[in-house]
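So you can see what is in the structure, the chains are spelled out below.
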Amino acid sequence: MQLETGHLSGMNVEILVGAEDDLPQIEHAYVGSEFADLLEADLFNVLLVTNQDSSEVLRVCGETDVVAILYTNGQKPKGPEIKKAKEMGITIFTTMLNLKAVQLSLKKDMPEVSIKDAT
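Values in this document were obtained by computation on a predicted structure and should not be read as measured data. (Residues numbered from 1 in each chain as written. Predicted model: local features only at pLDDT ≥ 70, side-chain atom pairs only at ≥ 80, totals over all residues. Heavy atoms only, no water.)

Peer 1: Any chance you could explain the overall build of the protein here in plain terms?
Peer 2: For the protein, the helix and strand inventory stands at five helices and six strands. Tracing the protein from N to C terminus, the helices and strands come up as α-β-β-α-β-α-β-α-β-α-β. Compactness check: the protein gives a C-alpha radius of gyration of 13 Å against a globular reference of 14 Å for 119 residues, within 12% of the reference. A principal-axis box enclosing the C-alpha atoms of the protein has dimensions of 30 × 30 × 25 Å. When the 119 residues of the protein are sorted by exposure, 44% land in the buried category. Here the contacts in the protein between residues at least 6 apart in sequence split such that 50% fall between residues at least 24 apart. In the form shown here, the protein has an accessible surface area of approximately 6,000 Å², with 47% of it arising from carbon and sulfur atoms. (Helix = DSSP H or I, 4+ residues; strand = E, 2+ residues; numbered from the N terminus. Rg over C-alpha atoms; globule rule 2.2 N^0.38 Å. Buried < 20%, exposed > 50% of the residue type's maximum accessible area, 1.4 Å probe, protein only. Contact = heavy atoms within 4.5 Å. Areas by Shrake-Rupley, 256 points an atom, 1.4 Å probe, with all protein chains shown as cover.)

Peer 1: Teacher, can you tell me more about the sheet that holds strand β6 (residues 114-118) here?
Peer 2: Remark on secondary structure: sheet strands pair via backbone hydrogen bonds, oriented parallel or antiparallel. Taken in spatial order, the six strands line up as β1-β5-β4-β3-β2-β6 in an open sheet, and their pairing is mixed. With one partner strand each, in any of the chains shown, β1 (14-17) and β6 form the two edges of the open sheet. The average undirected angle you get between the axes of adjacent strands in this sheet is 20°. Relative to β6, strand β2 (residues 28-32) runs parallel, the two being bridged by five bridges. Bridge pairing links Val-31 to Asp-117 in β6. Set on the sheet, helix α3 (residues 55-63) makes contact with β3 (46-50) and β4 (66-71); between it and β4 the angle comes to about 160°. (Pairing = 2+ DSSP bridges. Axes fitted to C-alpha atoms, helices over the stretch in contact; angles between N-to-C directions.)

Below you can see the structure in the form of structure tokens.
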């Protein structure tokens, strides 16, 4: 499904990397910070929802088909991670909501998206 700002409006997200008129196609959402399952999963066009803001997040994205990252709990990646995400073509969002609240919002607003709960 084509990700649109309307899908994210209930989560009050801020776009950190990317643009409103160029949001990615999403098939799956992976919610959590246990990345081993994501590395083993055969998922495509993934929205990664995480509360972890480390370089590990982008390393995992380089090994999987993550097209967007939604940081929760107000987390924001640092400058080097933002630069790397731009280079990788990954859209980055942030929200003040926690993982569970985002997961509930995704289920409600994007029922077509398959959600993998790794919390």
